[in-house]
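This is what each chain is made of:
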Amino acid sequence: MKRKLLKAGLCLGLLMGLAACGNSDSADSKTVRLFVSGDTSEGSAYSKMAEKYEEEKGIKVEVTDVPYADLETKISKAVQSNDAPDVARVSGVLPDWGDALMDLSDAAEKGNTLDSMTIKDDKGVVRALPTDVTAVGMFINTDLFDAAGVKYPTSEDDVWTWDEFLAAVKTIQEKTDAKYGLVMDPSDHRLRAFTYQFGGQDFFLDESTGKYTTDDDTVKALKKFIELNNDGTIPKTVWTSGEDASSMFKSGMIPAYMSGSWQITDFSKNITGFNWQAVYMPYEKVRATNMGGNFMVGFENSKNKEGGKAFIEWLYTPENYAQLCEYAGYLPAEEGVEIDYADNQAAYDIYNQEIAAAAQPISSKQTADQVEMTMAGYTGLTGEYKNSVVKALNDEITFDEMLEAIEKDYTDGYTKK
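Owing to the predicted nature of the structure, the values given are computational and were not obtained by experimental measurement. (Residues numbered from 1 in each chain as written. Predicted model: local features only at pLDDT ≥ 70, side-chain atom pairs only at ≥ 80, totals over all residues. Heavy atoms only, no water.)

J.: What am I meant to see in the packing of helix α7 (residues 216–230) against helix α15 (residues 384–393) here?
T.: Two numbers describe a pair of packed helices, the interaxial angle and the distance between the axes. Viewed as axis vectors pointing N to C, α7 and α15 meet at an angle of 50°, and their least axial separation amounts to 10 Å. Here α15 runs oblique to α7, going by the angle between their axes. Between α7 and α15 lies a crossing whose hand is right-handed. Contact with α7, carried on its side by L222, F225, I226 and N229, involves Y385, V389, A392 and L393 of α15 and no other residues of that element. Per-class residue counts for the contact of α7 with α15 are 7 nonpolar, 1 polar and no charged. (Axes fitted to C-alpha atoms, helices over the stretch in contact; angles between N-to-C directions. Helix = DSSP H or I, 4+ residues; strand = E, 2+ residues; numbered from the N terminus. Parallel < 35°, antiparallel > 145°, perpendicular 65-115°, else oblique. Left-handed = near helix turned anticlockwise from the far one by under 90°. Contact = heavy atoms within 4.5 Å. Nonpolar A, V, L, I, M, F, W, Y, C, P; charged D, E, K, R; others polar.)

J.: Explain unusual backbone geometry to me, please; I cannot follow it from the model alone.
T.: In terms of backbone geometry, most residues other than glycine have negative phi values and most peptide bonds are trans. Of note in the backbone geometry, A342 takes a positive phi value of approximately 55° without being a glycine. The topology assignment puts A342 in the loop between β15 (338–340) and α13 (345–357). A positive phi is found at D395, a non-glycine position, where the angle reads about 60°. With respect to the secondary-structure elements, D395 resides in the loop between α15 and α16 (399–415). Classification of D395 by relative accessible area gives exposed; the value is 68%. (Buried < 20%, exposed > 50% of the residue type's maximum accessible area, 1.4 Å probe, protein only.)

J.: Would you mind showing me how to read the nonpolar core here?
T.: Nonpolar side chains tend to gather and get buried jointly when the protein is soluble and globular. Of all hydrophobic cores here, the largest spans 109 residues; its most connected members are M138, F194, F249 and M258. Those residues within four positions of M138 in sequence are excluded, and the remaining contacts are W162, F165, L182, A256, Y257, M258, Q277, A278, V279, M281, P282 and Y351. (Core = buried A, V, L, I, M, F, W, Y, C linked by side-chain atoms within 4.5 Å.)

J.: Honestly, helix α14 (residues 362–375) in this entry has me stumped. Any pointers?
T.: One turn of the α-helix equals 3.6 residues, which is why residues spaced by three or four share an orientation. An ideal rise of 1.5 Å per residue puts 20 Å on 14 residues; α14 measures up with 20 Å between its terminal C-alpha atoms. For α14, the set of buried residues is I362, S363, S364, Q366, T367, A368, V371 and M375. On its buried face, α14 is in contact with β5 (119–120), β6 (126–130), α6 (188–197), β13 (291–292), β14 (295–298) and α16. Just downstream of α14, G377 is the residue with a positive phi angle, here 105°. (Expected span 1.5 Å × (residues − 1).)

J.: Please clarify how α16 should be interpreted in this entry.
T.: An ideal rise of 1.5 Å per residue puts 24 Å on 17 residues; α16 measures up with 24 Å between its terminal C-alpha atoms. Where α16 is concerned, the buried positions are F399, M402, L403, I406, E407, D409, Y410, T411, G413 and Y414. Residues of α16 that are buried in the fold lie against α6, β10 (211–213), α7, α14 and α15.

J.: Just to check I follow, could you spell out the pairing of β6 for this structure?
T.: Each regular strand carries side chains that alternate between the two faces of the sheet. Across the 5 residues that make up β6, a large majority, 5, are buried. Sheet analysis places β5 next to β6, joined by 2 bridges and oriented antiparallel. Along β6, the bridge assignment pairs K120 with V126. In this structure, the hairpin formed by β5 and β6 is closed by a connection of 5 residues, where G124 is found at a positive phi of approximately 85°. Pairing between β6 and β14: 2 bridges, direction antiparallel. Counted as the bridge partner of L129 is M296 from β14. (Pairing = 2+ DSSP bridges.)

J.: I'm lost on the pairing of β14 in this one. Help?
T.: Both faces of β14 are covered, namely the face carrying F295 and V297 and the face carrying M296 and G298. With 4 bridges connecting them, strand β4 (residues 87–90) and β14 associate as antiparallel partners. Within β14, the position partnered with R89 by the bridge is M296.

J.: Would you take a moment to explain the confidence of the model for the protein chain for this structure?
T.: Do not read the predicted coordinates in detail wherever pLDDT is low. This prediction gives the protein chain a mean pLDDT of 91; 92% of its residues lie at or above 70. In the predicted structure, residues 1–28 sits below a pLDDT of 50 and forms 119 contacts with residues beyond four places in sequence or in another chain. (pLDDT = per-residue confidence, 0-100.)

J.: I keep staring at the pattern of salt bridges and nothing clicks. Help me out?
T.: Any two side chains of opposite charge can pair, given that their charged atoms come close. For the structure on display, the rule yields 19 salt bridges. Here E354 and R287 are joined by a salt bridge, their closest N and O atoms 2.8 Å apart. With E354 in helix α13 and R287 in the loop between β12 (276–279) and β13, this pair connects stretches of sequence that are 67 residues apart. Side by side, E354 and R287 carry an identical accessibility label, which is buried. Among the charged side chains, a salt-bridge network with shared partners connects R33, D83 and K303. (Salt bridge = Lys/Arg side-chain N within 4 Å of Asp/Glu carboxyl O.)

J.: What exactly am I supposed to notice about the environment of V63 here?
T.: Summarising the element assignment, V63 is placed in strand β3 (residues 61–65). As a C-alpha pair, V63 and K250 span 187 residues in sequence and 32 Å in three-dimensional space.

J.: Whenever I open this one, the packing of aromatic side chains confuses me. Can you help?
T.: We describe a pair of aromatic rings using the distance from one ring centre to the other and the angle between the two ring planes. Within this structure, the stated rule accounts for 27 aromatic pairs. Above the face of the F399 ring, K223 is positioned so that its terminal group lies 5.4 Å from the ring centre. (Phe/Tyr/Trp six-rings, centres within 6.5 Å; stacked < 30°, edge-to-face > 60°. Lys NZ or Arg CZ within 6 Å of the ring centre and 35° of its normal.)

J.: Hey, could you run me through the environment of Q173 in this one?
T.: Residue position: Q173 is located in helix α5 (residues 162–175). Taking the C-alpha atoms as reference points, Q173 and M253, 80 residues apart in sequence, are found 9.6 Å from one another. Excluding residues within four positions of it along the chain, Q173 makes contact with A178, K179, Y180, G181, G232 and T233. Within the structure, Q173 has its side chain in polar contact with the backbone oxygen of K179 (distance 3.0 Å). (Polar contact = N/O pair within 3.5 Å; in protein donor to acceptor, adjacent residues only side chain to side chain.)

Dropping the structure here:
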């Protein structure tokens, strides 16, 4: 079944490689070099698109998998030596790539990429296209819910409040062998969705002081998160000791898992011991998610910049982009694209409905803002958000000290170059 997808905001990666060489003097007949970093599923998707491109255009795409931790450094060195890849899929854009970044405005317009996720410089020129959208969401073990006789939302008419959800998983803890009620990935990206659902704006610039601050709803949400870790609803070891949240859910002993859309493909292949389902997330004041993703860039100082730009424009035509999403299981970063997710359609429908229902623009705003700020040369965040929450969970710092550390990291990261 195909459905028209609503606005989303962004995640992507790659792996496989296609060796290539070309002998024509024409730039378009040269090999296109594509740097990526990702998993097998995404890598396979790009390999298939590279094969299709060669079949249609007679031009080979050499896909080079670079370890995630090394990708930005490798690209920076290549840019400095005027040997940049023609195309790269990246998680962010560094300031030292500067003028080497290709103008992708035409591809963005023709592909109708989501404006909230399309990266522009201070002159409004598109420098990076969203490759896909990721969204925070909720998965449940329906076997545990059924065993405890607990109902869960099956339509948007009966979405949980957070109090209702927490009562439901507490009942499951009492009536089954479930040790905990909920597991959440140890990531401030996931935690931001939680603060948004409480009506918070997380951390934001106070124009009157020139520093970052927060609000009462965000404070309430963060206090609630710490409380849930301390009372045994959430396993504290996931955040404080690095225990794997996904593995805990896959064990079949956790009723609910707050993670994201990127898990759907993996779960559909690898969870066989129980029945699972994507469901609507709870809310306190407003329905909200948190969207992220990765980006496609091209470089002017590559060996085949014309070929790289042609490949990007081809990939972002609606027909080809939709096929990429179907291969990789992506939420699309283009508006109005129809995707056939086959057996996983119901799970993706839930995520798209969550995105459409997100009342706060902030659900899609922060990821793009952070990339654009970093591209402009601001220091960027250091990861203090998560680190400070962990310290507070371990009683190493007070709650107020945690807030102060996070606010300072934002202020230093986004007001200083």
